[in-house]
Amino acid sequence: MVDRLSTLFELQLIDNQLDELEELRGDLPAAVNELKSQIKSLEEQVEAKEEEKENSLEKRKQNDDDVERLTNNLKKFKAQLYQVRNNKEYDALTKEIDHAEEQTGKLEAETKALEELVEKLKREIKEVEPQLEKLTEDLKEKETELKQIIKTNEREEARLKDKRDKVAHKVKKPDYNTYMRIRKALNGKAVSFINRSACSGCHNVVPPQRQLEIKSNKRIFSCESCGRILISQEIAEEAEKKIQF
Ligand SMILES: [Zn+2]
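To start, this report covers the structure provided alongside it. Quick caveat, the model's predicted, so the values are computed rather than measured. (Residues numbered from 1 in each chain as written. Predicted model: local features only at pLDDT ≥ 70, side-chain atom pairs only at ≥ 80, totals over all residues.)

### Examining the nonpolar core
Logical step 1: With 23 residues, the main nonpolar core has L8, F9, I229, L230 and I231 as its most contacted residues.
Logical step 2: When residues of this core are traced back to their parent elements, those giving at least two are α1 (2-24), α5 (173-185), β1 (191-195), β4 (229-231) and α7 (233-243).
Logical step 3: With five residues, the single largest contributor to this core is α1.
Logical step 4: For F9, the contacting residues outside a window of four places in its chain are V191, I231, I235, A236 and A239. (Core = buried A, V, L, I, M, F, W, Y, C linked by C-beta atoms within 7 Å. Buried ≥ 20, exposed ≤ 12 C-beta atoms within 10 Å, placed from the backbone. Helix = DSSP H or I, 4+ residues; strand = E, 2+ residues; numbered from the N terminus. Contact = placed C-beta atoms within 7 Å.)

### Brief notes about the sheet that holds β4
In a beta sheet, neighbouring strands are held together by backbone hydrogen bonds and run either parallel or antiparallel to one another.
Logical step 1: The four strands lie next to each other as β2-β1-β4-β3, forming an open sheet whose pairing is mixed. At either margin of the open sheet sits one strand with a lone partner, and together these are β2 (198-199) and β3 (221-222).
Logical step 2: With respect to the sheet, α7 is in contact with β1 and β4, its orientation differing from that of β1 by roughly 120°. (Pairing = 2+ DSSP bridges. Axes fitted to C-alpha atoms, helices over the stretch in contact; angles between N-to-C directions.)

### Points about the pairing of β1
Logical step 1: Among the five residues that make up β1, four are buried, leaving the element largely enclosed by the rest of the structure.
Logical step 2: In terms of strand pairing, β1 meets β4 through three bridges, oriented parallel. The residue bridging V191 from the neighbouring strand is I229, located in β4.
Logical step 3: Here β1 pairs with β2 via two bridges, running antiparallel. Each residue of the ladder has a partner; that of N195, found in β2, is A198.
Logical step 4: Linking β1 back to β2 in an antiparallel pair, the connection comprises two residues, with R196 at a positive phi of about 50°.

### Details of the packing of helix α2 (residues 28-80) against helix α3 (residues 87-152)
A pair of packed helices is captured by two measures, namely the crossing angle of their axes and the spacing between those axes.
Logical step 1: At their nearest, the axes of α2 and α3 sit 6 Å apart, and the two run at 160° to each other. The orientation of α2 with respect to α3, classified from their angle, is roughly antiparallel. Remark: the crossing between α2 and α3 carries left-handed chirality.
Logical step 2: In terms of residue class, the contact of α2 with α3 is made up of 27 nonpolar, 12 polar and 20 charged. (Parallel < 35°, antiparallel > 145°, perpendicular 65-115°, else oblique. Left-handed = near helix turned anticlockwise from the far one by under 90°. Nonpolar A, V, L, I, M, F, W, Y, C, P; charged D, E, K, R; others polar.)

### Quick word on unusual backbone geometry
Logical step 1: In this model, R196 sits at a positive phi of 50°, which is unusual for a non-glycine residue.
Logical step 2: The topology assignment puts R196 in the loop between β1 and β2.
Logical step 3: Phi angles above zero are rare outside glycine, and H203 is one such case at about 65°.
Logical step 4: With respect to the element layout, H203 can be found in the loop between β2 and α6 (208-215).
Logical step 5: Using a count of 12 C-beta atoms within 10 Å as the deciding quantity, one classes H203 as exposed.

What is shown is where atoms sit, not what they do.
Laid out in structure tokens, this is it:
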């Protein structure tokens, strides 16, 4: 039982050190993710605008072709006006001319609107460029910073992880699960010890009778206030000695 308790505290001590390394990274991992998602969203906006621009240019080109065709027709119709033989033919022809002119007018107005749209899209795409550049620069900076921190502690982290694996291997599965559950719920600290008659985790006083029971190391006790696994100071000291090596 003594070993079972001290191994749990060894695990806690190693995890404390790993948590400290993790804390050195601070907000960097979150900042990197945030920048990446901002960049992605802007790039998607630009992509959508580029596509709209291309479609507008295509439609514009089609309009030009249509206008050209209508202009040729108009020339033809107007020439035919001199060759009409009766009113009926004349009326039919002028109707065709009116229709072609109306169509041309519509297409030209549409073309003008399309040109304005294309210019607007170009401006908007250009406006995003400096924003994107700035974000990409920030991202590069933060990523470099993060990489440096990770690299500086790479060896230490690997050493601790290796040690953790060995210790975790010695912990019974149900104990490990309990440990991880409390660790997750209570800010990484799952095991506390009695320090000056109080729980080192929540600083609440442990009743004297309970202190004696805990000192006897007969089973795993929990702090009645915070729910952490509570061990004696002797066991805690023993575990600390063990992980020095
Ligand atoms: Zn407590």
